[in-house]
Amino acid sequence: MGRQCRLHPVFFDVVIYIHIPYCRSFCTYCDFYSVVPNCGYGRFTNAVCAETLARAEEIRASVSPSSGCPGTVNTLYIGGGTPSVLPVEEIGRIVAACRAALADPCRPGRQVPFDEFTVEVNPDDIVRKGHEYVETLLGLGVDRVSMGVQSMDDRVLRWMNRRHDVRTARQAYRILRESGVGNISIDLIFGYDICSIVAADGMHPSIADPYGHWSGMLEKALDISGDGSLPQHVSAYQLSVEEGSALAALVADGVYAEAAEDVCAGQYAELCRMLGEAGYSHYEISNFALPGYEAKHNSAYWRHFPYVGIGPAAHSFSVPGIGTPANGAVCRRGSESGADAGDTACGQCLRSWNVPDVDAYIIAALSGSLDSIRESETLTPAQFREEEIMLGLRTSRGVAASLLQSDTLSARNMEKLLRTGSLVPAGGVLPGQPGANHESRLRIPESRFFVSDDIISELL
Ligand code: SF4
């Protein structure tokens, strides 16, 4: 313990994700693991608390000795599923367990402040539970709320089998604001075939204009407050047909036709244009933030930081020796542009996950046999490097040029992509130019984010 206290003088740099696998209904497009709650949540919460405390050492081990380095992160994210179906008392018990797991044995009573604490919510829950629920969440330390709005068209929301309509989304947003939430993120979905959707709603498909519909939708989403103020953060995802989802069955039955690729590309371009003009920075392929509101938790994923995932189907990622110079690792938080995880790859990085089975999870967590429902894989240095490239190139921060140059084929393709404009400098000096060093970074320009998968595949 003494060693830990000497190395870890301050407890931060912790990224914790709690997965709440409950949904009251299932969205047409969804293939995530979730179940309809059929009784109380007490046993589930007990299980989450038990896992959190059982993994306290692991949580504390993800604390970096490099405290004070710029870019440190200390986040808690409660996602799902639909966390807002949980009574707030249950969320309070989970937060208390996280704080207990993080408690500094050298500083009893000292509470670790999270510098970002997000809860995902459904608009319907917020309207039904009201201001008091949101104010209690804020009292627990929540300072960011991510709300699944998805669309501002009731026909689309019905087709998606969402629980809310546009009026409810606006009302929920107002409740969040009035309760004091100063950082709200909304989720949107684009890239659907509006003709199929309005036809399913009994309207003549010829009235649907995919571009006009989407622009109008975006205008309404940006004005969800109704008072001209913008949501701090917008996540916009392209609809995809996932195996096992209700949508896959609609496609197989010929009831729904996927939107053409050029329609999706056009809608994405409009998304970038409108949010750019509204003042958002496009810092990740699907994510836009007003200045200062980039998501710290998700940014930690994209930067390949270690994280601890609690709950059924939750994933964790550990990087042995991270931040520990004795192990040859670098302080990845120490430089905005410096060495990335590719430099720390040691063949011992571990991805682990709890199986997606809530009943098995509860039994295992409450009986102290979590190993029985946990699976894992060790990433080879090559896999680690590939992930680093894939994650980094999703962002405006990009990746270190040296990472691309560390392989003959990707170095050659990097040169080609630089020539064609599919890669551009993201910081430092362009590789090959005088003064280029390990700080040179490359990114995919926003205009080619839509085809990022093709560009990235040329580098792997
Ligand atoms: S999209 Fe979210 S709310 Fe909808 S079913 Fe999936 S996990 Fe539940």
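Procedures and definitions
- Residues numbered from 1 in each chain as written.
- Predicted model: local features only at pLDDT ≥ 70, side-chain atom pairs only at ≥ 80, totals over all residues.
- Heavy atoms only, no water.
- Pairing = 2+ DSSP bridges.
- Helix = DSSP H or I, 4+ residues; strand = E, 2+ residues; numbered from the N terminus.
- Axes fitted to C-alpha atoms, helices over the stretch in contact; angles between N-to-C directions.
- Near = heavy atom within 4 Å.
- Nonpolar A, V, L, I, M, F, W, Y, C, P; charged D, E, K, R; others polar.
- Buried < 20%, exposed > 50% of the residue type's maximum accessible area, 1.4 Å probe, protein only.
- Patch = residues over 30% accessible without salt bridge, like charges linked within 9 Å, V, L, I, M, F, W, Y side chains within 5 Å.
- Areas by Shrake-Rupley, 256 points an atom, 1.4 Å probe, with all protein chains shown as cover.
- Salt bridge = Lys/Arg side-chain N within 4 Å of Asp/Glu carboxyl O.
- Lys, Arg positive; Asp, Glu negative; His and termini not counted.
- Charge placed at Lys NZ, Arg CZ, Asp CG, Glu CD.
- Parallel < 35°, antiparallel > 145°, perpendicular 65-115°, else oblique.
- Contact = heavy atoms within 4.5 Å.

A. Examining the sheet that holds strand E12 (residues 374–379) more closely. Read from one edge of the open sheet, 3 strands run E10-E11-E12, paired in antiparallel fashion. Looking at the sheet topology across the chains shown, the edges are occupied by strand E10 (315–318) and E12. Direction aside, the axes of adjacent strands within the sheet are offset by 20 degrees on average. Relative to E12, strand E11 (residues 349–354) runs antiparallel, the two being bridged by 6 bridges.

B. Structural detail: the site of the ligand. As a structural note, the neighbourhood of the ligand is formed by Cys-23, Ser-25, Phe-26, Cys-27, Tyr-29, Cys-30, Phe-32, Gly-81, Thr-82 and Arg-162. Residues of the shell around the ligand, tallied by class, amount to 6 nonpolar, 3 polar and 1 charged.

C. Spotlight on the pairing of strand E2 (residues 75–80). When you tally the buried positions in E2, you get 6 out of 6 residues, the bulk of the element. Judged by which residues are buried, E2 turns out to be covered on both faces: Thr-75, Tyr-77 and Gly-79 on one side and Leu-76, Ile-78 and Gly-80 on the other are all buried. Both strand E1 (residues 15–20) and E2 contribute to a ladder of 6 bridges, which runs parallel. Residue pairing in the sheet places Ile-18 in a bridge with Ile-78 of E2. In terms of strand pairing, E2 meets strand E3 (residues 116–121) through 4 bridges, oriented parallel. Looking at the pairing, Ile-78 lines up with Val-119 of E3.

D. Representation of a negative patch on the surface within the structure. Taken together, the side chains of Glu-261, Asp-262, Asp-453 and Asp-454 make up a negatively charged region of the molecular surface. Only helix H11 (261–278) and helix H17 (452–457) provide two or more residues apiece to the negative patch. Mapped onto the fold, Asp-454 is located in helix H17.

E. Spotlight on the packing of helix H5 (residues 123–139) against helix H7 (residues 166–179). Two elements in contact, H5 and H7, have axes whose closest approach is 9 Å; the angle formed by their N-to-C orientations is 10 degrees. Our classification of the angle between H5 and H7 gives roughly parallel. Only Thr-168, Ala-169, Gln-171, Ala-172, Ile-175, Leu-176, Glu-178 and Ser-179 of H7 make contact with H5, whose side of the interface consists of Pro-123, Asp-124, Ile-126, Val-127, Gly-130, His-131, Val-134, Glu-135 and Leu-138. A per-class count over the contact of H5 with H7 returns 9 nonpolar, 5 polar and 3 charged.

All we've got here are geometric facts, nothing functional implied.
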